[in-house]
Amino acid sequence: FLGLLSGVATTTARLVEEVAGTGAQVVDTRKTVPGLRAAQKRAVRHGGGANHRLGLHDAVRVKDNHIALAGGVTAVLERLASGPDAPGHMVRIEVEVDTLDQLRELLAFDADRLGRRLPPVVHGVLLDK
């Protein structure tokens, strides 16, 4: 038990050192040993990292299959921005993009909203592959 947690903290500290000075932040995932999530998340913090989220309830996460089903990044963001399905203003929204074109589309969407004095839709972007 202690060896596992020490390993998590030590590995996190090494990764934090690798990105020092870049502005990047090392965060964990929800993929933990069953029953040890809280302990492993604390070990990440002790190693200098941060916790991403504790469970599915913490945020809306848009993945590649959601983007494909909706018809593209803009279609997903439009749906999240307004309408009866839009999450409340306190809900964080993260979008996982697979390509630089998707990232550019996402950034342009929120830049346009900011230009119209509307809040951005996306709070976090995950770069996949």
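Below, the structure is looked at part by part.

### Topic: the environment of L118
Then, in step 1: Here L118 shows up in the loop between α5 (100–115) and β3 (124–127).
Then, in step 2: By relative accessible area, which is 32% here, L118 ends up partly exposed.
Then, in step 3: Residues L118 and A81, 37 residues apart in the sequence, show an inter-C-alpha distance of 9.7 Å.

### Considerations on the layout of surface pockets
Then, in step 1: If you add up the space inside the largest pocket, you get close to 270 Å³.
Then, in step 2: Forming the boundary of the largest pocket are V27, D28, T29, R30, K31, H52, R53, R61, K63, E96 and L126.
Then, in step 3: Looking at the lining of the largest pocket, its residues break down into two nonpolar, two polar and seven charged.

### Remarks on the pattern of salt bridges
Then, in step 1: For the structure shown, the criterion picks out five salt bridges.
Then, in step 2: Note that K63 is salt-bridged to E96, the shortest N-O span being 3.4 Å. Here K63 is found in the loop between β1 (59–62) and α3 (64–70), whereas its partner E96 is found in strand β2 (residues 92–97), with 33 residues between them in sequence.
Then, in step 3: Assessed through its relative accessible area of 31%, K63 is described here as partly exposed.
Then, in step 4: Note on E96: relative accessible area 6%, which makes it buried.
Then, in step 5: Measuring nitrogen to oxygen at the nearest pair gives 3.0 Å for the salt bridge that ties D101 to R104. Taken together, the residues span about one helical turn, with D101 and R104 both in helix α5 at a distance of three residues.
Then, in step 6: A relative accessible area of 57% places D101 in the exposed class.
Then, in step 7: Taken together, the salt bridges that share partners define one network made up of R61, K63 and E96.

### A closer look at the pairing of β2
Then, in step 1: Taken across its six residues, β2 has five buried, putting it largely inside the fold.
Then, in step 2: Pairing between β1 and β2: four bridges, direction parallel. Each bridged residue has a counterpart across the sheet, and for V60 the counterpart in β2 is I93.
Then, in step 3: Where β2 meets β3, four bridges bridge the pair, whose relative direction is parallel. Within β3, the residue paired with V95 across the bridge is V125.
Then, in step 4: The parallel pair β2 and β3 is bridged by α5, and the resulting crossover is right-handed.

Parameters and conventions
Residues numbered from 1 in each chain as written. Predicted model: local features only at pLDDT ≥ 70, side-chain atom pairs only at ≥ 80, totals over all residues. Heavy atoms only, no water. Helix = DSSP H or I, 4+ residues; strand = E, 2+ residues; numbered from the N terminus. Buried < 20%, exposed > 50% of the residue type's maximum accessible area, 1.4 Å probe, protein only. 1 Å grid on protein atoms, 1.4 Å probe; cavity = no way out; pocket = protein on both sides within 12 Å on 5 of 7 lines; lining within 4 Å. Points joined across faces, edges and corners; volume = space filled by probe spheres on them. Nonpolar A, V, L, I, M, F, W, Y, C, P; charged D, E, K, R; others polar. Salt bridge = Lys/Arg side-chain N within 4 Å of Asp/Glu carboxyl O. Pairing = 2+ DSSP bridges. Right-handed = clockwise from strand over helix to strand, strands pointing away.

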